[in-house]
Amino acid sequence: MVTPRELAGTFGGATVLVPDGESMQKVSTWREIAADVALAVTWHRLSPMLEAITAAGTRVLALADSDGQVGFAAHPRVSWIRIASRMTSARERFRALRYFFRRYAASRQRRDPEEHEFVASTRASHRVFLGSGPAIGAFERFLGQQRVPELAARLREVPFAVPDLFCVQPLPPKIDQAVAIGRWSDPQKDAPLLAAALETYFRASRDSRAPRASRETRVVIFGADAEATFGGLAAREPRLELAGIQEPDVVSTTLARSRVALFSSRWETGPHAATEALALGATLVAPPMPNFEGMIDRGAFGTLASERSPQVLAAALGREMALWESGARDAGAIAAHWRARVSPRAVCHTLLAGLAD
């Protein structure tokens, strides 16, 4: 771990402390360290530091932590959603719309400074890793719009690593249960969509004609600030539990017993909760977006909703629970497949192998 002295925390491995953030951008710093390979979480940024590392003769592996949907001209819809979701009044939305069109125009003309940084960061990295094939495709679209399609040759796929805890834990029998995890006050997680979808799902399950797979489903929601959105529904529906913030062992134990990890996000770079769930033999139900599309893999590891609506998300959960009830899902096989991909050792192997291909 190489870090400025004032940012040093507790880290279990060897640590190199440099005087300040500016030192991270000096070629001399990296020549002195003389590493063969540097791994950085970049968010498609940090080009001054990456350029210094490369100039020192060290190869750079960049973890983008991205769904690839960057660039106002390449991905206008999600760019607008990320802005508008945090606006609470008509006046704020109008100002956001003006901002969006300014950024969109600059992006179309390839003169947006932030997007220049995305390109520079990619150019300064020997390999750039995204979480799925669809995310790579989305970023390739951005590189094409920026007229640097040759940089796509540097892109590789690697899932997020999960702690060993999730890769060695025995799997108990799965129960008719779904789990949702999030920071529920964050507009990114779209708690109102999830609440509406769960209300739709529970209402439909009370119909005597509903499949057995949906009549008994419990849902556990982890994370802060859930009460504001889900409290009313939880008071009316005994199958919904608001578990709040819990330690990783509690979350992992619950995921290990659950069939499904449920998501309602407007956008996601992963998330880690999805790879943790897969490593514990659960499947995913989520709205359409690149990394979920890649992880679900055409229905092999979950059900991707076709659009963002409570009815469609609830129906996707119903279809996934029916697959579990019919015996079409095998928790042991799912866990074995994903543990071989997302354990820390497996992810490090994939990253280093990316330099050789």
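Above this text is the structure in question.
So, a few notes on the structure that sits alongside this text. (Residues numbered from 1 in each chain as written. Predicted model: local features only at pLDDT ≥ 70, side-chain atom pairs only at ≥ 80, totals over all residues. Heavy atoms only, no water.)

Considering the sheet that holds strand β11 (residues 283-286)
Phase 1 of the analysis: The sheet built from six strands is open, its strands ordered β9-β8-β7-β10-β11-β12 with parallel pairing. The sheet is open, and its two edges are formed by β9 (240-244) and β12 (302-304), each paired on a single side. Taking each pair of neighbouring strands and ignoring which way they run, the sheet shows an average axis angle of 25°.
Phase 2 of the analysis: Direction of pairing for strand β7 (residues 175-181) relative to strand β10 (residues 258-262): parallel, over a ladder of three bridges. Residue pairing for β10: Ile-175 is matched across the bridge by Ser-258. (Pairing = 2+ DSSP bridges. Helix = DSSP H or I, 4+ residues; strand = E, 2+ residues; numbered from the N terminus. Axes fitted to C-alpha atoms, helices over the stretch in contact; angles between N-to-C directions.)

Comments concerning the nonpolar core
Phase 1 of the analysis: Ranked by size, the top nonpolar core spans 58 residues in total, and within it Leu-198, Ile-221, Leu-284 and Leu-317 carry the most contacts.
Phase 2 of the analysis: By residue number, the principal contributor to this core is helix α8 (residues 191-205), which donates eight residues.
Phase 3 of the analysis: Once you skip the residues sitting within four places of it in the chain, Ile-221 turns out to touch Ala-180, Trp-184, Leu-198, Ala-226, Phe-230, Leu-240, Glu-241, Leu-242, Ala-243 and Gly-244.
Phase 4 of the analysis: Of all hydrophobic cores here, the second largest spans 17 residues; its members include Val-128, Ala-135, Phe-142 and Leu-151. (Core = buried A, V, L, I, M, F, W, Y, C linked by side-chain atoms within 4.5 Å. Buried < 20%, exposed > 50% of the residue type's maximum accessible area, 1.4 Å probe, protein only. Contact = heavy atoms within 4.5 Å.)

Overview of the pairing of β11
Phase 1 of the analysis: Going residue by residue along β11, you find Thr-283 and Val-285 tucked away on one face and Leu-284 and Ala-286 tucked away on the opposite face as well.
Phase 2 of the analysis: With three bridges joining them, β10 and β11 adopt parallel strand pairing. The partner of Ala-261 across the bridge, within β11, is Leu-284.
Phase 3 of the analysis: Crossover connection from β10 via helix α12 (residues 272-279) to parallel β11: handedness right-handed.
Phase 4 of the analysis: With three bridges connecting them, β11 and β12 associate as parallel partners. (Right-handed = clockwise from strand over helix to strand, strands pointing away.)

Thoughts on helix α16 (residues 344-353)
Phase 1 of the analysis: Residues Ala-346, Val-347 and Leu-351 constitute the buried set of α16. Looking straight down α16, one finds its buried side chains confined to an arc of 135°; they lie on one side. Seen from the open side of α16, the exposed residues pointing more than 90 degrees away from its buried face are Arg-345, His-349 and Leu-352. (Arc of directions from axis to C-beta.)

As for the environment of Thr-122
Phase 1 of the analysis: Its place among the elements puts Thr-122 in helix α5 (residues 113-123).
Phase 2 of the analysis: With a relative accessible area of 1%, Thr-122 lands in the buried category.
Phase 3 of the analysis: For the pair formed by Thr-122 and Leu-165, sequence separation is 43 residues and the distance between their alpha carbons is 33 Å.

A closer look at unusual backbone geometry
Phase 1 of the analysis: The phi dihedral of Ala-34 falls on the positive side, at around 55°, and the residue is not glycine.
Phase 2 of the analysis: For Ala-34, the position within the fold is in the loop between α1 (27-33) and β3 (37-41).
Phase 3 of the analysis: The backbone of Asp-190 sits at a positive phi, close to 50°, despite the residue not being glycine.

Details of the pattern of salt bridges
Phase 1 of the analysis: Taken as a whole and judged by the stated rule, the model has 17 salt bridges.
Phase 2 of the analysis: Ionic pairing is found between Arg-329 and Glu-320, a salt bridge with its closest N-O pair at 2.8 Å. One exposure class covers both Arg-329 and Glu-320, and it is buried.
Phase 3 of the analysis: A single network of salt bridges, built from pairs that share partners, joins Arg-45, Arg-103, Asp-112 and Glu-114. (Salt bridge = Lys/Arg side-chain N within 4 Å of Asp/Glu carboxyl O.)

Quick word on the side chain of Glu-320
Phase 1 of the analysis: Within the secondary structure layout, Glu-320 lies in helix α14 (residues 310-326).
Phase 2 of the analysis: Residue class for Glu-320 comes out buried when judged on its relative accessible area of 0%.
Phase 3 of the analysis: Setting aside anything within four residues of it in sequence, one finds Glu-320 in contact with Val-260, Thr-283, Val-285, Gly-302, Thr-303 and Arg-329.

Quick look at the pairing of β9
Phase 1 of the analysis: Bridging between strand β8 (residues 218-222) and β9 involves four bridges; their strand directions are parallel. Each bridged residue has a counterpart across the sheet, and for Val-219 the counterpart in β9 is Leu-240.
Phase 2 of the analysis: Chirality of the crossover, the property in question, places the unit of β8, helix α10 (residues 227-236) and β9 among those that are right-handed.

A look at a nonpolar patch on the surface
Phase 1 of the analysis: Taken together, the side chains of Val-41, Trp-43 and Leu-46 define a hydrophobic patch exposed on the protein surface, amounting to about 260 Å² of accessible area.
Phase 2 of the analysis: Mapped onto the elements of the fold, Leu-46 is located in the loop between β3 and α2 (47-55).
Phase 3 of the analysis: On the accessibility criterion, Leu-46 (33% relative accessible area) is partly exposed. (Patch = residues over 30% accessible without salt bridge, like charges linked within 9 Å, V, L, I, M, F, W, Y side chains within 5 Å. Areas by Shrake-Rupley, 256 points an atom, 1.4 Å probe, with all protein chains shown as cover.)

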